[in-house]
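Architecture and fold: a report
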Amino acid sequence: MKHPASYIIIILISLSSCELDTYKQGERLYGVHCESCHMKDGSGLAKLIPPLESDYYKNNRDQLSCIIRYGLKDSILVNDEWYEQEMPRNKDLSEIEIVNIINYMDNVLLKDERFTTLKDVKAQLENCDN
Amino acid sequence: MNKYIYWIAILGFLYSCGPEAPTTLPYIGKKKMVDGVEVNHKIPAFEMLNQDSMVINNESLSDYIYVADFFFMSCPSICPKVKKQMMRINEKYADNPKIKLISHTLDPKRDSVDRLKQYATNLGADHDKWYFLRHEDKDVIFELANEYFVVAYEDPDAPGGFDHSGKILLIDQKGHVRSFAEGTEEESVTKFLDDIDLLLKEVSETPG
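Analysis parameters
- Residues numbered from 1 in each chain as written.
- Chains lettered and ligands numbered in written order.
- Predicted model: local features only at pLDDT ≥ 70, side-chain atom pairs only at ≥ 80, totals over all residues.
- Heavy atoms only, no water.
- Contact = heavy atoms within 4.5 Å.
- Buried area = accessible area lost by both parts, 1.4 Å probe.
- Salt bridge = Lys/Arg side-chain N within 4 Å of Asp/Glu carboxyl O.
- Polar contact = N/O pair within 3.5 Å; in protein donor to acceptor, adjacent residues only side chain to side chain.
- Nonpolar A, V, L, I, M, F, W, Y, C, P; charged D, E, K, R; others polar.
- Pairing = 2+ DSSP bridges.
- Helix = DSSP H or I, 4+ residues; strand = E, 2+ residues; numbered from the N terminus.
- Axes fitted to C-alpha atoms, helices over the stretch in contact; angles between N-to-C directions.

On to the interface of chain A and chain B, then. Across the boundary between the two partners, chain A contributes 13 residues, which contact 11 residues of chain B. For the chain A and chain B pair, buried surface summed over both sides reaches about 1000 Å², with 64% attributable to carbon and sulfur atoms. Counting the surface chain A buries against chain B, the share from its top three residues, Ser36(A), Leu45(A) and Leu48(A), is 42%. Viewed at the interface, chain B and chain A are joined by 1 salt bridge. Of the charged contacts in the structure, one is a salt bridge between Glu35(A) and Lys81(B), with a shortest N-O distance of 2.5 Å. On inspection of chain A and its partner chain B, the count reaches 6 residue pairs in polar contact (both at pLDDT 80 or more). For the side of chain A that touches chain B, a count of residues per class yields 7 nonpolar, 4 polar and 2 charged.

Below you can see the structure in the form of structure tokens.
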């Protein structure tokens, strides 16, 4: 281990292995709480359950935590289609679990590189309408 | 050189032992003795309304093979996944007049005919091909589900109030169960599509 390059290599390897685990919890939680309706790839179900990839998702980014925790009762307009089915709430999810779900959806399912923090989620949850 | 012979032998062995594609579908369920004759399990007579308030019974289905599942509209657990797979089946056979799809609701109280109609429309179903059937008495539906080897019962602790399995079943024109898939698993349904093709072939080759 005399060569400084070997340290750099070790650091790089450990960083890259962490990378693989980044969305693990989010993936697992999505599988348990979201996938039955929104499907594994986030595509939803016809005109019954909306896809994640949508104008609605983008325009309500600051509401995502509230929607995940409290669900939706009213009809919503998504990609020019009305969806009337109620979205059930997920009251038992902790704030950090919501962070992980949002980051999994954004980065893996929607391939939209962005990072939501615990602080963001806390702020959203303080201002929910529910 | 010897090494190669071993490999060839192993490959040949694997090839000969590989599963052969089945050419006919089995009859699923326990055989019964009726008047001294062994008969295959059969879906008993039923009569229900579809989403257009049309009466559908086993006689109206006698010219078709059909694919069946059990669900309820407010189901938050497995139903949407099963419906996604039913949509796949629907799309593949959209132009085949020999096949129908049937989705039985387990929740007649909440799933009225009108609501089923709206649901079917939202799913993009062809109303003449894909029937959403409802019966007033849910016990009749639970019993019928048993005949399809689908477990279904009311359970206040289950998500949405009903517990049931997500099987999709293939029924021939005589009412026998010939194949099934786990409706929550895409791969299981991929194999099931092959079984549907096999049954369609069998039907087209059977006179009358």
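Residues and elements named next belong to chain B. Read from one edge of the open sheet, 5 strands run E7-E6-E5-E10-E11, paired in mixed fashion. Each of the sheet's edge strands pairs with one partner strand only, and the pair in question is strand E7 (130–133) and strand E11 (177–182). When the angles between neighbouring strand axes are averaged without regard to direction, this sheet yields 20 degrees. Note that strand E6 (residues 99–105) and E7 share 4 bridges and pair parallel. From the neighbouring strand, Ser103 faces E7, where its bridge partner is Phe132. Contacts from helix H2 (residues 79–92) reach strand E5 (65–71), E6, E7 and strand E10 (167–171), with the element oriented near 165 degrees to E5. The strands that helix H4 (residues 138–147) touches are E5, E6 and E11; relative to E5, the one it contacts most, it runs at about 125 degrees.

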